[in-house]
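Chain and residue survey
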Amino acid sequence: MRVLKYAILGLLEQEKRTGYDIAAAFKGALGQFWSAKHSQIYPELKKLVTEGLIEFETVIQGEKLEKKLYSLTVTGEAELKGWMQRLEAVDFSHKDEFMLKTFFISSMEKEEAKELFSNQLVSRKRKLDELGRTLGELEAEFSSNMLFSSPEFGHYLVLTRAIEREKGYIQWLERSLQFMD
Ligand code: FER
């Protein structure tokens, strides 16, 4: 499935954006869990225009730089809504290279294995810190008006899920390190 298509439709549902804005969004919070390269974004925009799901108006930015400002068409809005409402089979298949190494851990020396797990633990703790800081900032900015209908609400949900995942991962790493002793 072309998931990038829906990521772009979702961004344009929030507000009109240029190609540059869309690429920038993938460098922000969205890019923390859904990545896309410039080389994918621009062809996808072209395709979505051809399919009648988005349209653009040409605007002048700065002196005379012409930019395409994209927005959803009515069809595009319906397409996004259809995808949001669809009950898809849960994707349990995410690839994790560290799990692959874990599966083959018995081929390592114990001290090497502990090193591998300790390194992973440091990175996961760092990630958890970063997530906690971002959540703190989000809460400080929006605590009183984190409404269901605001884009920040979705950001909040994604962040809290990532925090729970990292906490669980850290707990498991620490337990596994104890097992190895
Ligand atoms: C953010 C939104 C999401 C962020 C991180 C994430 C650090 C991570 C999500 C994930 O790992 O699933 O603003 O900032």
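Moving on to the nonpolar core. Among the nonpolar cores identified, the biggest contains 21 residues, and Ile-8, Leu-9, Ile-22, Phe-26, Ile-41 and Ile-54 are the most heavily contacted of them. Contributions of two or more residues to this core are made by helix 1 (3-14), helix 2 (19-25), helix 3 (38-50) and strand 3 (65-72). At seven residues, the largest contribution of residues to this core is made by helix 1. Setting aside residues no more than four positions away along its own chain, Ile-8 makes contact with Ile-22, Ile-41, Glu-44, Leu-45 and Leu-48. Among the nonpolar cores identified, the runner-up in size contains 17 residues, and Ala-113, Leu-131, Phe-142 and Leu-159 belong to it.

A sheet is described by the order of its strands in space; here three strands give the open sequence 1-3-2, paired in antiparallel fashion. Each edge of the open sheet is held by one strand with a lone partner, namely strand 1 (17-18) and strand 2 (54-61). Taken together, the eight bridges between strand 2 and strand 3 define a ladder with antiparallel strand orientation. Paired with Gln-61 across the bridge in strand 3 is Leu-65. Sheet contacts for helix 1: strand 1, strand 2 and strand 3; angle to strand 3, the most-contacted strand, approximately 95 degrees. Across the sheet, helix 3 lies against strand 2 and strand 3, angled at about 120 degrees from strand 2, the strand it touches most.

A few words on the side chain of Lys-67. Following the sequence through the fold, Lys-67 ends up in strand 3. If we ignore the near neighbours within four places in the chain, the residues touching Lys-67 are Thr-18, Tyr-20, Glu-57, Thr-58, Val-59 and Gln-61.

Definitions and limits used
Here the residue index of a chain counts from 1 through its sequence in written order. Confidence filtering applies because this is a predicted model: local features only for residues at pLDDT of at least 70, side-chain atom pairs given and counted only at 80 or more, and all residues used for totals across whole chains, interfaces and linings. As a rule here, side-chain values come from all non-hydrogen atoms in the structure, and water together with hydrogens is ignored. By nonpolar core is meant a set of buried Ala, Val, Leu, Ile, Met, Phe, Trp, Tyr and Cys residues that side-chain atoms within 4.5 Å join together. Burial classification: accessible surface area is computed with a 1.4 Å probe over protein chains only, and a residue below 20% of its type maximum counts as buried, one above 50% as exposed, and the rest as partly exposed. Here a strand is any run of E in DSSP of at least two residues, a helix any run of H or I of at least four, and the numbering for each starts at the N terminus. The contact definition used throughout considers only heavy atoms, calling two residues in contact when any of these lie within 4.5 Å. By the convention used here, strands pair only if DSSP detects at least 2 bridges between them. Geometry is summarised by axes, namely lines fitted to C-alpha atoms with helices restricted to the contacting stretch, and by angles between N-to-C directions that run from 0 to 180 degrees.

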